[in-house]
Amino acid sequence: MGFLFKPAIYKDSVLYELPRPVTRLRIQDSWDFTRYKVPLVDGDYQVGHSLQGVDISLKGQVGSQGGDLKLTEQEMFEAVELLRSNFDVSSEGDKYDLFLYHDSVSSTYRQLKSCSTVRFEYDLSDKNLFVYSAIIHATDPVIYTTSPGS
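Residues numbered from 1 in each chain as written. Predicted model: local features only at pLDDT ≥ 70, side-chain atom pairs only at ≥ 80, totals over all residues. Heavy atoms only, no water.

Side note on unusual backbone geometry
Note: most residues except glycine have negative phi, and most peptide bonds are trans. With an omega dihedral of 0°, the bond running from Arg-20 to Pro-21 counts as a cis peptide bond. Mapping Pro-21 onto the fold places it in strand β3 (residues 20-28). In this structure, Asp-12 takes a positive phi of about 55° despite not being glycine. Take Asp-12: it is sitting in the loop between β1 (3-11) and β2 (14-17). When its relative accessible area of 62% is taken as the criterion, Asp-12 is described as exposed. Of note in the backbone geometry, Ser-114 takes a positive phi value of approximately 60° without being a glycine. (Helix = DSSP H or I, 4+ residues; strand = E, 2+ residues; numbered from the N terminus. Buried < 20%, exposed > 50% of the residue type's maximum accessible area, 1.4 Å probe, protein only.)

Concerning the pairing of strand β8 (residues 96-103)
Counting buried positions along β8 gives seven out of eight residues, so the element sits mostly inside the fold. Examined bridge by bridge, β1 and β8 share six bridges and lie antiparallel to one another. Bridge assignment links Phe-5 to a residue of β8, and that residue is Tyr-101. In this sheet, strand β9 (residues 108-123) lies alongside β8 in antiparallel orientation, the contact comprising six bridges. Bridging from a neighbouring strand, Phe-99 pairs with Gln-111 of β9. Hairpin connection of β8 to β9: four residues between the antiparallel strands, including Ser-107 at a positive phi of 55°. (Pairing = 2+ DSSP bridges.)

Quick look at the structure:
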């Protein structure tokens, strides 16, 4: 078991594992380019393809966080509050790294850098299991293989 799905935020030299289970994590790459069309000629011409920043959407439930079960409404609410504070990006210095996978054999993570939260939504109506979703944008489109803080 060397390569594990372990979504987490790395911010201010602190690793914060997202509440589990994370039921969906989707990454959307997109490219920018200029398209030219010549009248009366079939087809078009594209130039300047470049990878834009990456959009990440995730959904999860607050069943546990960092290996600790969250069994009461208060424990789940406190976990949501902590998640909310970790997602907060008020300035450029507040951006975070989003860790996707941990490779215990090489002690490295697969991560996106320069992340900021676009939207965070959470549902507190089910007292047995709170759910949350977030949209995150990484300005750097590279998925890095590094150790924390690198």
